[in-house]
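One letter stands for each residue in the lines below.
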Amino acid sequence: MATLIVTTPALNFRSAPVVANETLIGTVYLGQRVTRARPADEEGWYQCNAVIEGEEVSGFVSGRFLRERLTKNRERLVASVHDQWMRLKRGAGKEHHQP
């Protein structure tokens with residue numbers, strides 16, 4: 001099982017590899033790690049495990065919005081940028097106001 005990282009601000013986590021309101025479990029966010037349970041299907045959906053609202057769940061995400069882990073130093077750099085992005089409320093904050 002490989003660890004993959006979310007590359008988009010918000011990614012829908014689904015109970016089935018189908019885009020439909022009834023399959024939505026929750027959301028995973030930019031920089032969040034998910035664990036791939038099996039390889040992608042023909043349409044690029046990965047079955048993964050992720051922590052959503054403090055609970056580990058199993059579901060599906062589109063592989064277009066996931067990446068493999070980088071080198072240790074690059075992951076540190078990405079993590080520091082991500083921390084600032086989260087500090088500013090996922091881009092909705094204002095840098096001249098305290099979050």
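Residues numbered from 1 in each chain as written. Predicted model: local features only at pLDDT ≥ 70, side-chain atom pairs only at ≥ 80, totals over all residues. Heavy atoms only, no water.

Q: Looking at this structure, how should I read the environment of Glu-43?
A: Along the chain, the position of Glu-43 falls in the loop between strand S4 (33-38) and strand S5 (45-52). The exposed category is assigned to Glu-43, whose relative accessible area is 65%. When the C-alpha atoms of Glu-43 and Pro-17 are compared, they prove to be 8.8 Å apart, with 26 residues separating the residues in sequence. (Helix = DSSP H or I, 4+ residues; strand = E, 2+ residues; numbered from the N terminus. Buried < 20%, exposed > 50% of the residue type's maximum accessible area, 1.4 Å probe, protein only.)

Q: I would appreciate a short explanation of unusual backbone geometry in the present structure.
A: You will see that Glu-53, though not glycine, has its phi angle at about 55 degrees, which is positive. For Glu-53, the location among the structural elements is in the loop between S5 and strand S6 (55-62).

Q: Could you clarify how one ought to interpret the nonpolar core in this entry?
A: Looking at soluble globular proteins, one finds that nonpolar side chains tend to be buried together. With 13 residues, the main nonpolar core has Phe-13, Val-28, Val-34 and Leu-66 as its most contacted residues. Of all the secondary structure elements, the ones that give two or more residues to this core are strand S1 (3-6), strand S2 (10-14), S5 and S6. Top contributing element to this core by residue count: S5, with 4 residues. Discounting residues that sit within four places of it in the chain, Val-34 has contacts with Ala-2, Thr-3, Leu-4, Val-6, Val-28, Cys-48, Asn-49, Ala-50 and Leu-66. (Core = buried A, V, L, I, M, F, W, Y, C linked by side-chain atoms within 4.5 Å. Contact = heavy atoms within 4.5 Å.)

Q: What is the right way to look at the pairing of S4 in this model?
A: Inspection of the sheet shows S1 paired to S4 by 3 bridges, in the antiparallel sense. Across the sheet, the residue bridging to Ile-5 is Arg-33, located in S4. Hairpin connection from S4 to S5: 6 residues lie between these consecutive antiparallel strands, with Gly-44 at a positive phi of about 90 degrees. (Pairing = 2+ DSSP bridges.)

Q: Mind showing me how you'd approach helix H1 (residues 72-87) here?
A: Think of an α-helix as turning once every 3.6 residues; residues three or four places apart then point the same way. With 16 residues, H1 extends 22 Å from end C-alpha to end C-alpha; this agrees with the ideal 22 Å at 1.5 Å per step. Looking only at H1, the buried set comprises Glu-75, His-82 and Trp-85. All buried residues of H1 lie within an arc of 80 degrees about the axis, which places them on one face of the element. Opposite the buried face of H1, at more than 90 degrees from it, the exposed residues are Asn-73, Arg-76, Leu-77 and Val-81. The secondary structure elements touched by the buried residues of H1 are S1, S4 and strand S7 (66-68). (Expected span 1.5 Å × (residues − 1). Arc of directions from axis to C-beta.)

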